[in-house]
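# Examination of the molecular architecture
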Amino acid sequence: MEITFAGATGTVTGSKFLLRSNSQTVLLDCGLYQGYKHLRRRNWAELPFEIDSIDAVVLSHAHIDHSGYLPRLVKSGYTGPIYCTESTLHLCNILLPDSGRIQEEDANYANKKGFSIHDPARPLYSEDDARKALTQFKSCQFNQTIELTKDFRVNFRPAGHIIGAAMTEITDGTNQLLFSGDLGRPDDPLLYPPENQLNPDLLILESTYGNRLHSPVDPQQKLGELVNQTVENNGTVLIPSFAVGRAQVLAFFLHRLKESGTIPDLPIYMDSPMAARATKIFNQNPALHRLDEATCRALDETITFTNSVEQSKQINRQTGPKIIISASGMATGGRVLHHLKVYAPHKENLILFVGYQAPGTRGAKILAGNPSVKIHGYYSPMRARIEKLDNISAHADHQEIIAWLETFKAAPEKTYLVHGSPDSLDRFRLKIEDKLGWDCQVPEYLGKVTLDNQQASYRPPEIPRIHV
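Basis of the calculations
Residues numbered from 1 in each chain as written. Predicted model: local features only at pLDDT ≥ 70, side-chain atom pairs only at ≥ 80, totals over all residues. Heavy atoms only, no water. Core = buried A, V, L, I, M, F, W, Y, C linked by side-chain atoms within 4.5 Å. Buried < 20%, exposed > 50% of the residue type's maximum accessible area, 1.4 Å probe, protein only. Helix = DSSP H or I, 4+ residues; strand = E, 2+ residues; numbered from the N terminus. Contact = heavy atoms within 4.5 Å. 1 Å grid on protein atoms, 1.4 Å probe; cavity = no way out; pocket = protein on both sides within 12 Å on 5 of 7 lines; lining within 4 Å. Points joined across faces, edges and corners; volume = space filled by probe spheres on them. Nonpolar A, V, L, I, M, F, W, Y, C, P; charged D, E, K, R; others polar. Axes fitted to C-alpha atoms, helices over the stretch in contact; angles between N-to-C directions. Parallel < 35°, antiparallel > 145°, perpendicular 65-115°, else oblique. Left-handed = near helix turned anticlockwise from the far one by under 90°. Pairing = 2+ DSSP bridges. Phe/Tyr/Trp six-rings, centres within 6.5 Å; stacked < 30°, edge-to-face > 60°. Lys NZ or Arg CZ within 6 Å of the ring centre and 35° of its normal.

## Focus on the nonpolar core
Core analysis: the biggest nonpolar cluster contains 92 residues, and L73, F137, L205 and W404 have the highest contact counts within it. By residue number, the principal contributor to this core is helix α7 (residues 246-259), which donates eight residues. Look past the residues within four positions of L73 in its chain and what remains in contact with it is L27, C30, L47, I51, I54, V57 and Y78. Core analysis: the second largest hydrophobic core is formed by 29 residues, V26, V58, L148 and F152 among them.

This is the structure we're talking about:
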């Protein structure tokens with residue numbers, strides 16, 4: 001088995017790993033790059049592998065940095081199956097068409113306002129492209145062995161993180177590879193922890209929080225304090241939030257805060273049709289989370305879900321304190337941008353980030369204290385209070401991941417770290433080596449690993465020779 005690191009190396013996004021046998025090829029994840037412009041340009045560049053060589057795609061979970069390139073892959077000629085868990089398929093039915101629709105809307109808006117450097121601006125793919133890609137999905141159950149090709153088999157192991165998220169365990173009959181995907185937390189308020197006591201020959205491990213620990217502060221208590229402080233100033237709380245996972249946790253916390261009388265009975269809007277549909281999927285899968293049916297109903301009653309553009313605009317016409325939860329979580333696109341233009345310029349309001357902000361994203365720039373950020377081609381002032389709620393992330397931190405690794409039946413032959421910033425990757429490598437004594441490495445973009453009879457060897461990417 002040969003593995004090529006075709007994404008998520010030296011950065012958190014763009015997940016893509018190519019697995020080859022003597023005769024067949026499987027693509028593990030197919031995500032969009034987000035953040036810095038030089039990374040986002042890779043979304044438009046030619047892929048570093050032949051699309052017609054791929055026999056199957058395996059998807060760990062629905063988040064766009066893992067799934068968001070699939071419509072482009074299909075548009076470019078991929079005709080094979082895409083395997084994932086049942087709940088991941090349900091979420092992708094929401095996320096991928098929404099991603100295409102947002103790209104079309106952003107391109108149309110850029111053309112209308114004339115602020116794009118491209119003439120005309122075009123989407124990477126359309127809503128129709130995404131719906132076509134979804135016809136190639138095949139849903140699977142957790143802990144069920146699926147034959148991908150005659151050489152490769154996959155088993156989806158529960159990973160926590162979001163509904164349907166899986167660690168993907170792939171074998172060629174001799175060697176076993178485990179890709180962690182995004183790992184959830186052991187004490188997540190909604191989801192169960194990742195499955196443990198695994199035994200792979202080679203591990204590809206996410207490192208998003210490899211250089212950080214989650215704050216010990218109770219996130220629900222802190223959220224209540226921030227809401228009350230903003231209400232005292234007659235302000236609005238605007239929360240850029242991922243529609244899947246994070247939005248449901250926020251709804252749970254806000255329901256409990258209202259129910260206990262900790263915060264006043266102010267309006268709470270979830271201004272994201274995608275988040276509304278994701279919440280419905282969450283409620284329809286009680287076996288995959290900790291909440292009972294009564295609590296799920298109560299969450300729905302706490303939140304006002306908005307669907308139409310006119311409903312979204314109406315929120316901004318409403319005076320008085322309120323809470324708005326709107327996608328996207330890194331403020332890279334979607335309705336939250338229109339809300340930012342309304343609320344960020346005024347000091348009585350609060351912009352509250354509740355998750356990781358990839359370097360180069362608009363959310364990261366706002367958190368860094370930039371006095372203004374570019375939205376829809378114009379710079380908007382950031383005078384509102386800016387805060388971050390650290391302990392609400394769906395990613396395990398480095399201590400939680402190491403505790404999970406300690407449950408393994410044996411050390412993998414090699415562990416390769418992906419999905420992290422350069423600092424996070426290197427510091428996490430040192431922690432794993434020091435704590436566990438495992439052979440751990442940070443692969444480069446397009447580096448390759450050969451796994452043969454449980455023995456792994458790494459080759460760095462080939463650098464073209466320069467003739468002088």
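So that's the structure; there's more coming.
## Let's talk about empty space enclosed by the protein
On inspection of all chains with the given rule, the structure shows one cavity of 30 Å³ or more. There is about 30 Å³ of room inside the largest cavity. Lining the largest cavity, in full, are S241, F242, A243, A247, M270, S272, A275, I325, S326 and A327. Per-class residue counts for the lining of the largest cavity are seven nonpolar, three polar and no charged.

## What about unusual backbone geometry?
Following A327, the chain continues to S328 via a peptide bond in cis, the omega torsion being 15 degrees. Relative to the elements of secondary structure, S328 occurs in the loop between β15 (322-326) and α11 (336-343). Positive phi, close to 55 degrees, is recorded for H419, a residue that is not glycine. Among the residues examined, H419 registers a relative accessible area of 0% and is labelled buried. Of note in this structure, Q454 is not a glycine but carries a positive phi near 65 degrees.

## Let's talk about the packing of helix α13 (residues 398-405) against helix α14 (residues 422-436)
Axis separation between α13 and α14 bottoms out at 11 Å; the angle between their running directions is 40 degrees. With respect to α14, the element α13 is oriented oblique. Handedness of the α13/α14 crossing: right-handed. Listed contacts from α14 to H398, I401, I402 and L405 of α13 are F428, K431, I432, K435 and L436. Across the contact of α13 with α14, the residue classes tally to six nonpolar, one polar and two charged.

## Observations regarding the layout of surface pockets
Volume-wise, the second largest pocket comes out at about 370 Å³. The wall of the second largest pocket is formed by 28 residues, among which D188, P189, L190, V249 and F253 lie closest to the centre. Contributing elements (two or more residues each) for the lining of the second largest pocket: α6 (219-232), α7 and α8 (273-283). In terms of residues, the lining of the second largest pocket owes the most to one element, α7, which gives six residues. Among the residues forming the lining of the second largest pocket, the class breakdown is 16 nonpolar, six polar and six charged.

## Observations concerning the sheet that holds strand β2 (residues 17-20)
With mixed pairing, eight strands are arranged side by side in an open sheet as β6-β5-β4-β3-β2-β1-β22-β23. Each edge of the open sheet carries a strand with a single partner, namely β6 (137-140) and β23 (455-459). Between one strand and the next, the sheet's axes are offset by a mean angle of 25 degrees, whatever the strand orientation. The sheet contacts of helix α4 (residues 86-113) involve β5 (82-85) and β6, and relative to β5 the element is tilted by about 110 degrees.

## Re the packing of aromatic side chains
Summed over all chains, the structure comprises seven aromatic pairs. Consider the rings of W404 and F408, whose centres lie 4.9 Å apart with planes at 85 degrees: the pair is edge-to-face. Between Y416 and Y458, the ring centres sit 6.0 Å apart and the planes meet at 35 degrees, which makes this aromatic pair tilted. Placement of the pair is Y416 in strand β20 (residues 414-418) and Y458 in strand β23, with a sequence separation of 42 residues. Overall, the relative accessible area of 0% leaves Y416 in the buried class. On the basis of relative accessibility, which here comes to 18%, the residue Y458 falls in the buried class. Sitting over the ring of Y445, R42 keeps its end group 4.0 Å from the ring centre. Over the ring of Y209 we find R212; its NZ or CZ atom is 4.1 Å from the centre of that ring.

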